[in-house]
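Examining the three-dimensional arrangement
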Amino acid sequence: MDIFNDFSIGLFAMQAVILLVLIFLLGKFAWKPILKSLDERETGISDALAAAEEAKKEMQNVTADSERLLQEARTERETLIKEAREMKDKIVADAKEQAQLEGDKIVKQAQATIESEKKAAVADIKNQVASLSVEIAEKVLKEQLANKDKQLALVENMLGDIKLN
């Protein structure tokens with residue numbers, strides 16, 4: 001089998017023409033759409049990669065923003081807690097001071113009430129003592145003055161007690 005012996009120029013030319021027609025038809029109808037679709041796919045992939053990169057950057061920005069907001073919220077929370085504690089301490093201190101003032105006021109009022117009641121009791125006792133003294137003196141005088149000899153002795157006794165200048 002000799003390849004060169006079986007070679008036919010006509011067959012070669014026909015195959016060459018068929019090949020050229022096939023290449024022309026493929027170029028005209030198949031290659032352009034295939035290349036166009038490959039270009040579109042390449043563009044789509046590059047656009048998708050760009051969009052993914054942009055989404056990644058946006059996600060990083062959002063993450064950074066959320067971290068910043070979270071830090072701000074923590075700081076604000078700490079500030080609010082500190083202010084609340086200070087306010088609580090101030091309210092407690094004011095309440096203690098007010099309670100101390102009210103307690104002192106109540107003690108002073110109680111002392112004043114006790115003092116006034118003590119004075120009233122002493123005055124009442126003095127009145128009762130005076131009344132009893134008058135009653136006792138009246139009874140003694142009645143008894144002393146009932147007898148004439150006792151009256152004279154009493155008068156002389158009192159006159160003896162009085163000293164003249």
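Going by the structure above, here's the rest.
Overview of the structure. As the structure is a prediction and not an experimental result, all values here were calculated from the model.

Re the overall build of the chain
- A count of helices and strands for the chain gives two helices and zero strands.
- Computed over its C-alpha atoms, the radius of gyration of the chain comes to 65 Å, more than 25% above the 15 Å expected for a compact globule of 165 residues.
- Projected onto its principal axes, the C-alpha positions of the chain cover 200 × 30 × 30 Å.
- The proportion of buried residues among the 165 residues of the chain is 0%.

Here we look at the environment of Ile45
- Along the chain, the position of Ile45 falls in helix H1 (residues 9–146).
- Spatially, the C-alpha atoms of Ile45 and Gln111 are 96 Å apart, while their sequence positions differ by 66 residues.

Looking at a nonpolar patch on the surface
- Together, Leu19, Leu20, Leu22, Ile23, Leu26, Trp31, Ile34, Leu35 and Leu38 make up an exposed nonpolar region whose accessible area comes to about 860 Å².
- Positionally, Ile34 belongs in helix H1.
- In this structure Ile34 comes out as partly exposed when scored by relative accessible area, which is 42%.

Describing helix H2 (residues 148–161)
- An ideal rise of 1.5 Å per residue puts 20 Å on 14 residues; H2 measures up with 20 Å between its terminal C-alpha atoms.
- Among the 14 residues that make up H2, zero are buried, leaving the element largely open to the surroundings.

Quick look at the pattern of salt bridges
- The tally for this structure, following the rule as stated, stands at five salt bridges.
- Between Arg77 and Glu78 there is a salt bridge whose closest N-O contact spans 3.0 Å.
- Residue classification places Arg77 among the partly exposed positions, given a relative accessible area of 46%.
- Among the residues examined, Glu78 registers a relative accessible area of 43% and is labelled partly exposed.
- Where Asp89 meets Lys88, a salt bridge forms, and the shortest distance between an N and an O atom there is 3.7 Å.
- One continuous salt-bridge network, built from bridges that share partners, spans Asp65, Arg68 and Glu72.

Here's the deal with the environment of Glu135
- By secondary structure assignment, the location of Glu135 is in helix H1.
- The spacing of Glu135 and Arg74 is 61 residues in sequence and 89 Å in space, taken between C-alpha atoms.

Definitions and cut-offs
Residues numbered from 1 in each chain as written. Predicted model: local features only at pLDDT ≥ 70, side-chain atom pairs only at ≥ 80, totals over all residues. Heavy atoms only, no water. Helix = DSSP H or I, 4+ residues; strand = E, 2+ residues; numbered from the N terminus. Rg over C-alpha atoms; globule rule 2.2 N^0.38 Å. Buried < 20%, exposed > 50% of the residue type's maximum accessible area, 1.4 Å probe, protein only. Patch = residues over 30% accessible without salt bridge, like charges linked within 9 Å, V, L, I, M, F, W, Y side chains within 5 Å. Areas by Shrake-Rupley, 256 points an atom, 1.4 Å probe, with all protein chains shown as cover. Salt bridge = Lys/Arg side-chain N within 4 Å of Asp/Glu carboxyl O. Expected span 1.5 Å × (residues − 1).

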